[in-house]
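Next come the chains, spelled out residue by residue.
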Amino acid sequence: MKKSLVLSAIFFLLLITACSSGPKRQMVITGISNSCKDSLETANACILNGNYAQAEKILSVARTQAVSIDNYDLLLSVSLAHVSLYLSYNPPEIEKAKLYLEQSHELIENTKNENESELLCAMAEARILIAQNDVQNNFKRITDKIDDAKKIFKNQPYNHAQCDSILGDLYRLSGRYKEADKIYNEAAKLFTDSMYLSEIGITWYKIAQNHSQSGNKKEALKALNIAIYYDRCAENSMGLGADYYIKAVILLKADSSEQDKIEAKKALRHSAEIYNAANMAELANKSLELLKTLE
């Protein structure tokens, strides 16, 4: 009898606990998917900092995680991250990037939002064409797609800013420098508002490139100083080395003064120092080779 009363009391206690105001049980577990998302974010940071070998290892882990939980949206993200990785090499590894873009297209029909997935792939395709400097024959088709993507991603600041950055590249390569400057600045604002440090530095680097190509040396150097500031904030060695290298290139453009040449030499030495400190000997040598032409 006592045993029966004890069991009844336990059952009643469990019933009360189940009906209490404690946290509800979840109908989905997100441990592996969250870990995969963290891997993707880390891999992206490695790509932006020029640590490509590490990025490749992390993306391999992320792919395994995505496959293990049959998550096609994460698989798509991993494939598109591979596109970014191979386009970041100098020179870009175009064929590998195309291979992963092809894989991305095959994943679209199984993702949760096919329209968004298709537009993400369109953005990656645009990056490949930009890397190939093959935009003239595809200009309208790409800009229409990216404009569509901007509408879809209007509440996703990162993707929206990436669309602006791509459009800026397209306008710059087409010689439409005023339009490029306007849209690059819109991208920089979105990245800044959301505190994507490395992306801010890259965007200001592009703004500097755009001013330089349009012949506005003064504004190019001003934009480059902003890029340097944000790349320092992001501890982006790859970005900083590139900033100082392009600073020298801009200073050495037409009508450069003796002071410009002195500043260019300092920038190239500093670029090489940063690259060497970050174990990027090949890029450091590129800076030193240009320096030799000035001495």
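Look above for the structure.
These figures come from a predicted structure and were not determined experimentally.

Let us now look at helix H9 (residues 177–193). Its 17 residues give H9 an end-to-end C-alpha distance of 24 Å, which sits within 8% of 24 Å, the value for a rise of 1.5 Å per residue. Within H9, the full set of buried residues consists of Ala180, Ile183, Tyr184, Ala187, Ala188 and Phe191. On an axial view of H9, the arc spanned by its buried residues comes to 150°, and they lie on one face. Across H9 from its buried face, at more than 90 degrees, point the exposed residues Lys178, Lys182, Lys189 and Asp193. Packing partners of the buried residues in H9 comprise helix H7 (139–152), helix H8 (157–173) and helix H10 (197–213). Immediately downstream of H9, the backbone of Met195 shows phi near 60°, a positive value.

The next thing to look at is the packing of helix H6 (residues 114–131) against H7. In contact at an axis separation of 9 Å, H6 and H7 are set at 140° when each is read in the N-to-C sense. Classified by the angle between their axes, H6 and H7 sit oblique to one another. Considering only the axes of H6 and H7, their crossing is left-handed. When H6 is examined against H7, the residues Asn115, Glu116, Glu118, Leu119, Ala122, Met123, Glu125, Ala126 and Leu129 are found in contact with a partner set consisting of Arg141, Ile142, Lys145, Ile146, Asp148, Ala149 and Ile152. A per-class count over the contact of H6 with H7 returns nine nonpolar, one polar and six charged.

This structure, assessed with the given rule, holds 16 salt bridges. Where Lys96 meets Glu93, a salt bridge forms, and the shortest distance between an N and an O atom there is 3.2 Å. Given the relative accessible area of 41%, Lys96 is considered partly exposed. According to the relative accessible area criterion, Glu93 is partly exposed, its value standing at 27%. Measuring nitrogen to oxygen at the nearest pair gives 3.7 Å for the salt bridge that ties Lys261 to Glu258. In this pair, Lys261 and Glu258 both sit in helix H13 (residues 258–277), three residues apart, roughly one turn of the helix. Accessibility expressed as a relative area gives 33% for Lys261, which makes it partly exposed.

With an omega of 0°, the peptide bond between Asn90 and Pro91 qualifies as cis. Structurally, Pro91 can be placed in the loop between helix H4 (72–88) and helix H5 (94–107). Even without being glycine, Asn133 reaches a positive phi, approximately 55°. By the secondary structure assignment, Asn133 is in the loop between H6 and H7. Even without being a glycine, Asp255 presents a positive backbone phi close to 65°.

What follows is about H7. Look at H7: 20 Å from first C-alpha to last across 14 residues, which is about the 20 Å you get at 1.5 Å a residue. Of all the positions in H7, only Phe139, Ile142, Thr143, Ile146, Ala149 and Lys150 are classed as buried. Projected onto a plane normal to the axis of H7, the buried residues spread over an arc of 120° and lie on a single side. For H7, the exposed residues lying more than 90 degrees away from the buried face are Lys140 and Lys151. Each element contacted by the buried residues of H7 is listed here: H6, H8 and H9.

Within the secondary structure layout, Gln65 lies in helix H3 (residues 52–68). Taking the C-alpha atoms as reference, Gln65 lies 8.9 Å from Leu75; in sequence the two are 10 residues apart. What Gln65 contacts, discounting residues up to four positions off in sequence, is Ile32, Ser35, Cys36 and Ser39. Polar contacts involving the side chain of Gln65 include one to the side chain of Ser39, which spans 3.4 Å.

Moving on, we come to the packing of aromatic side chains. For the structure shown, the criterion picks out eight aromatic pairs. On the basis of an interplanar angle of 20° and a centroid distance of 5.8 Å, the ring pair of Tyr86 and Tyr100 is categorised as stacked. Of the two residues, Tyr86 is situated in helix H4 and Tyr100 in helix H5; the sequence distance between them amounts to 14 residues. Each member of the pair Tyr86 and Tyr100 is classed as buried. Each ring, one from Phe191 and one from Tyr196, has its centre 6.2 Å from the other, and the planes form 85°; the classification is edge-to-face. A relative accessible area of 2% places Phe191 in the buried class. Through pairs of rings, three or more aromatic residues link up here, namely Tyr52, Tyr86, Tyr89 and Tyr100. The ring of Tyr245 carries the charged tip of Lys286 above its face, separated from the ring centre by 5.0 Å.

Conventions used here
For every chain, the first residue of the written sequence is number 1, and numbering continues from 1 along that sequence. pLDDT decides what is reported in this predicted model: residues at 70 or higher carry local features, side-chain atom pairs at 80 or more are listed and counted, and totals for whole chains, interfaces and linings draw on all residues regardless. Excluding hydrogens and water, the side-chain values take into account all heavy atoms of the structure. Helix numbering and strand numbering both begin at the N terminus, where a helix is a DSSP run of H or I of at least 4 residues and a strand a DSSP run of E of at least 2. The span expected for a helix works out to 1.5 Å for each residue beyond the first. The buried label applies to any residue whose accessible area, calculated with a 1.4 Å probe on protein chains only, is under 20% of its type's maximum; exposed applies above 50%, and partly exposed to all values in between. By construction, the arc corresponds to the directions joining the helix axis to the C-beta atoms. Contacts between residues were defined by any pair of non-hydrogen atoms, one from each residue, lying within 4.5 Å. Lines are fitted to the C-alpha atoms to define the axes, a helix being fitted only along its stretch in contact, and any angle between axes, read from their N-to-C directions, falls within 0 to 180 degrees. Working definition: roughly parallel below 35 degrees, roughly antiparallel above 145 degrees, roughly perpendicular at 65 to 115 degrees, and oblique for all remaining angles. For any pair of crossing helices, the crossing counts as left-handed if the nearer helix is rotated counterclockwise from the farther one by less than a right angle, and right-handed if it is rotated clockwise. Residues are grouped as follows: Ala, Val, Leu, Ile, Met, Phe, Trp, Tyr, Cys and Pro are nonpolar; Asp, Glu, Lys and Arg are charged; all remaining types, including Gly, are polar. Here, a salt bridge means any side-chain nitrogen of Lys or Arg that lies within 4 Å of a carboxyl oxygen of Asp or Glu. Definition of a polar contact: a pair of N or O atoms within 3.5 Å, with one able to donate and the other able to accept a hydrogen when the atoms are protein atoms, and with sequence-neighbouring residues admitted only if both atoms are side-chain atoms. Ring pairs are drawn from Phe, Tyr and Trp, using the six-membered ring of Trp, whenever the two centres fall within 6.5 Å, and their geometry is named by plane angle: stacked under 30 degrees, edge-to-face over 60, tilted for the rest. Lysine NZ or arginine CZ positioned within 6 Å of the ring centre and within 35 degrees of the ring normal marks a charge as sitting over the ring.

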